[in-house]
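Architecture and fold: a report
Below are the chains, spelled out letter by letter.
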Amino acid sequence: MFCPECGATDVEMVDGICKNCFLKKYELIKIPENITVTVCSHCNAKLEEGKWKDSYIPEEEIIYRALEKNIEIDELAENEEIELEIDQMRGTIAECYVEAIATVLGEEIVETHTPNVKVNRSVCPECSKRVAGYYEAVIQLRADSRELTTSEIEKAEKIINRTIEKQSKKDKLAYIPQVAKLKEGRDYYIGSLKSGNKVAEHLKEELGGTIKESPRLISEDRSTGKGLYRIWISVRLPKFEINDFIKYKDKIAKVIAIDGNRIQIENLENYEKIALKWREYDNLEKVSTKKDITKAIITAKSPSYLQILDPEDYSPIDIDMNDKFENYNIGEEISCIKIEGKIYLI
Ligand SMILES: [Zn+2]
Ligand SMILES: [Zn+2]
C-alpha cells in the first residue's frame, strides 16, 4: 500500500490516502464566512424561519448563538472544544474568531476561523404595533355617582403600573400608549387585551367596585371576515369610600373595609360587623360621608348610657352604652354623625 498523493508506503491509510495527507486536507468544523441574523431593534427578538423568537437577549449573546448554530463539527472529531470570540464590531458586522480543538484519528487538531456575523436591524410586529400606539383595550376608571378622588387615582395608577410592569415580562404589548384625563375619570389605553384584563382584575381586587366590558368592532379583516375588536373595560369604584355611611336594610352603617370580595360594614345601632358580597351593592344607599363627622361633648355617663349634646342645637341626647365608649369620660368630645335626624356615635 502506498499513498497516491505523497507516495509514502507502509502508512495508516484513511479514505485511500495516508493519514498525514488526510489530516492536511481535513476540516474539523464547517462554518460559513458570513452569517446574517435579523433582530428587532427595539426588543432584540430574533427572526428565525419566519418567526420572531426570544427577546431582550443582549446583542453579544445573539452573535454567539448565531455562531454556535452555524458550526458543523465533523463526525471524526472527539473531545472537541470550541472557543468563540467577538474580535470587534465594525458597524453592524461582528468580526469573530472561532478556535476548535479536537482529537481526530488519535491526533490533536487545532483549527481557526474568522467568520463575520452581520446583525440586521428590523422591527418585530409587536414592537411596530407599540411604536404606532396600537391598543386592544381601554380601561375606563370611574366612580359610581361621584368623581374619583386624587388618592383613588394615585392608588389605581400604582396598581396599573405594577401590573403592566409584571405583564411586560411575558407580553410585549403590555404598555400604556395613552392616558386620557377626563372630568368623569381616567381612560388607560392598554396594548393587549390580555394585559388590560389583568389590570382590571387587579383594580377590582384591591379597590373593589364593578367591572363591565363592552367590545366595539373597529374593523373587519376582508380576507377572513373576522372582526377586529377593541374592548372597553369599565372599572367603576363604589359610590362610597371607607368611613362613609350607608343604609342597608334600613340600618345605618359605616363602611370599614372594601376589597374585591366584599364590603365590610359596621352597623351603627349595635356596632356589629357584617361582610357583604358585591352582589348586595345595589341594595346599599350612601347616606353620608366621612366629611360630615362632627364632635359632641359628653355631659353624663352611666353604665347603661352616655349623654351628649347635639352638636347642632345642644339638646341633651341619651345613647345606649357600648363597650366601645367605656373609656370616655364626662367633658370629653366624641365623634358622631347625624343621619336622618338621628345621632350615632362612632
Ligand atoms: Zn500521503
Ligand atoms: Zn421587537
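Residues numbered from 1 in each chain as written. Chains lettered and ligands numbered in written order. Predicted model: local features only at pLDDT ≥ 70, side-chain atom pairs only at ≥ 80, totals over all residues.

Formed by 20 residues in total, the largest nonpolar core has its most connected members in Ile139, Ile190, Val199, Ala200, Leu203 and Val235. Leave out the neighbours within four places in its chain, and Leu203 touches Ala156, Ile159 and Val235. With 15 residues, the next largest nonpolar core counts Phe245, Ala253, Leu268 and Ile337 among its residues. (Core = buried A, V, L, I, M, F, W, Y, C linked by C-beta atoms within 7 Å. Buried ≥ 20, exposed ≤ 12 C-beta atoms within 10 Å, placed from the backbone. Contact = placed C-beta atoms within 7 Å.)

We now examine the domain arrangement of the protein. The domain boundaries assigned to the protein delineate domain 1 (32-126), domain 2 (133-237), domain 3 (240-289) and domain 4 (293-346). Between the C-alpha centres of domain 1 and domain 2 there is a distance of 42 Å. (Domains from an automatic or database assignment.)

Judged from the four bridges that link them, strand 22 (residues 294-301) and strand 25 (residues 333-339) form a sheet pairing that is antiparallel. If you follow Thr294 over to strand 25, its bridge partner there is Cys336. As judged from the three bridges shared by strand 22 and strand 23 (residues 305-309), these two strands associate in the antiparallel manner. Across the sheet, residue Ala300 finds its bridge partner in strand 23, namely Gln307. Hairpin remark: strand 22 followed by strand 23, antiparallel, with three residues in the connecting loop. (Pairing = 2+ DSSP bridges. Helix = DSSP H or I, 4+ residues; strand = E, 2+ residues; numbered from the N terminus.)

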